[in-house]
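Survey of secondary and tertiary structure
Residue strings, one per chain:
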Amino acid sequence: MSKHNVSRRQFLNYTLTGVGGFMAAGMLMPMVRFAIDPVLSADKGGDYIATKQKVSELTAEPTRVDFSFKQVDGWYESEETNTAWVYKMDDGKIIALSPICKHLGCTVAWNTDKANPNQFFCPCHYGRYTKDGVNVKGTPPISPLDVYETKEKDGILYLGRLKPHGEA
Amino acid sequence: MLTKLYDWVDERLDITPLWRDIADHEVPEHVNPAHHFSAFVYCFGGLTFFITVIQILSGMFLTMYYVPDIKNAWESVYYLQNEVAFGQIVRGMHHWGASLVIVMMFLHTLRVFFQGAYKKPRELNWMVGVLIFFIMLALGLTGYLLPWDMKALFATKVTLTIVESVPLMGPALKTLIAGDPTIVGAQTLTRFFAIHVFFLPAALFALMAAHFLMIRKQGISGPL
């Protein structure tokens, strides 16, 4: 026998705390898992979405391409429309830039600032980006515009996921 | 570790008397099932409280997904039950707990009634208990509509017809509860939701506080 004696009070304390803790955990575990489900569910995205843009019609000048897709938001399904600014580089590579300003998320457009032609311009705080999507130093944005993954199929432009600049 | 933390706080704020006052009191022999097994009847009040706590917690978690709107209510309930992890269990806790809390409360009431524990000086606590009973029934009634399925809708139509049959003020009362004189719809659902999650729980907390304060003040009724 060990010399360490557990008193009746201690024993009851341990068993009651244990049983109580077990019951509380059994109650709380499903509820907590229920609450944190959005964090743990796998990211399903990544499918390429067809636009109405013919690749052959793209030029070196950025064109606004709107594309629609079905969005499933929990129990709510809707038809959403996103925009990309697309142009063709000299070597034929297609660049599709996100119009979301990297400063505070307003929408940028091509060549809308008279004072700075041939740049992407954000009207909210005068953020500017060069044609390749890189932010102009001295304007509010701190990073380049995000870039869509692109794909050509049957002469039509397909857009995939948004990636940070330089990764697509 | 925990002891040290407790001591640190206790040294500064003297919290021991606070919880001692709430938790540290003798359980008389006649209510202790270890002495007389039949004393288990004294557990029903505590069980009612325990299930009420489960109802409050599971209800709080359900509102993370539930939408009180006629277009989305059913869809959101379907989604949280079938798509979200443990959704069936959390909704199940709230669903079955709602019935169980009424059962436990009823058994508690029967015990108090048949032991005559409601007699002087505990009449006030009996009255508060009866009010809690009504609040619980109202919680069950308002919660029944929220999933917005056929059963919910038609059960509520029956309820509203019963309300309408109240003499003189019936139609006004019905409109007050349904939010519209004829339609059982969007406004009914939001009203029932607000009543179910804000108004009734607030009333319930106040009444339960009074119920428990009185039992601590007066102590449990003596042996038969």
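Notes on the structure in this doc start here. Please read all numbers here as calculations on a predicted model, not as lab measurements.

Considering the overall build of chain B
Of regular secondary structure, chain B possesses nine helices and zero strands. Secondary structure elements of chain B occur, N-terminal to C-terminal, as α-α-α-α-α-α-α-α-α. With respect to the principal axes defined by its C-alpha atoms, chain B has extents near 55 × 50 × 35 Å. For chain B, the proportion of its 224 residues judged to be buried stands at 23%. Of the contacts formed within chain B by residues at least 6 apart in sequence, a portion of 65% connects residues at least 24 apart.

Digging into the nonpolar core
Among the nonpolar cores identified, the biggest contains 20 residues, and L62, Y66, A73, L80, V90, L146 and L189 of chain B are the most heavily contacted of them. Residue assignment for this core shows that the elements contributing at least two residues are α1 (8-35) of chain A together with α3 (44-62), α4 (73-82), α5 (87-114) and α9 (186-218) of chain B. By residue number, the principal contributor to this core is α9 of chain B, which donates four residues. Counting 19 residues, the second-largest nonpolar core is a separate cluster that includes A84, C101, C122 and L157 of chain A.

Thoughts on the pairing of strand β3 (residues 76-88) of chain A
Residues and elements named next belong to chain A. Bridge count for strand β2 (residues 63-73) against β3 is eleven bridges, and the pairing is antiparallel. When the bridges of β3 are listed, F69 appears paired with E80. Counting the residues in the hairpin turn of β2 and β3 gives two residues, including G74, whose phi is positive at 60°. Turn length for the β3-strand β4 (residues 94-97) hairpin, with the two strands adjacent in sequence and antiparallel, is five residues, and the turn residue G92 shows positive phi of about 90°.

Looking at the packing of α5 of chain B against helix α6 (residues 123-145) of chain B
All names here are of chain B. The N-to-C vectors of α5 and α6 enclose an angle of 160°; their axes lie 11 Å apart at closest approach. Here α6 runs roughly antiparallel to α5, going by the angle between their axes. The two elements α5 and α6 cross, and the hand of that crossing is left-handed. Residues A98, V101, I102, M105, T109 and V112 of α5 form the contact with α6, whose participating residues are W126, G129, F133, M136, G140 and G143. A class-by-class count of the residues in the contact of α5 with α6 yields eight nonpolar, four polar and no charged.

Topic: the interface of chain A and chain B
In many analyses, interface size is given as the accessible surface area lost on bringing the parts together. Opposite the ten residues of chain A that make contact, chain B presents 16 residues. Broken down by element, the side of chain A that touches chain B gets its largest block of residues, six residues, from α1 of chain A. When its residues are assigned to classes, the side of chain A that touches chain B shows seven nonpolar, one polar and two charged.

Some points on α6 of chain B
Residues and elements named next belong to chain B. Compared with the 33 Å implied by 1.5 Å per residue over 23 residues, the 34 Å span of α6 between its first and last C-alpha is a close match. Along α6, the positions that sit buried rather than exposed are N125, G129, I132, I135, M136, L139, T142, G143 and L145. For α6, the secondary structure elements touched by its buried residues are α5, α7 (150-164) and α9.

Considering the sheet that holds strand β5 (residues 109-110) of chain A
Residue and element names in this part refer to chain A. A sheet is described by the order of its strands in space; here three strands give the open sequence β5-β6-β7, paired in antiparallel fashion. The outermost strands of the open sheet, each flanked by one partner alone, are β5 and β7 (127-129). Both strand β6 (residues 120-122) and β7 contribute to a ladder of three bridges, which runs antiparallel. What sits directly across from F120, in β7, is Y129.

About the thresholds
Residues numbered from 1 in each chain as written. Chains lettered and ligands numbered in written order. Predicted model: local features only at pLDDT ≥ 70, side-chain atom pairs only at ≥ 80, totals over all residues. Helix = DSSP H or I, 4+ residues; strand = E, 2+ residues; numbered from the N terminus. Buried ≥ 20, exposed ≤ 12 C-beta atoms within 10 Å, placed from the backbone. Contact = placed C-beta atoms within 7 Å. Core = buried A, V, L, I, M, F, W, Y, C linked by C-beta atoms within 7 Å. Pairing = 2+ DSSP bridges. Axes fitted to C-alpha atoms, helices over the stretch in contact; angles between N-to-C directions. Parallel < 35°, antiparallel > 145°, perpendicular 65-115°, else oblique. Left-handed = near helix turned anticlockwise from the far one by under 90°. Nonpolar A, V, L, I, M, F, W, Y, C, P; charged D, E, K, R; others polar. Expected span 1.5 Å × (residues − 1).

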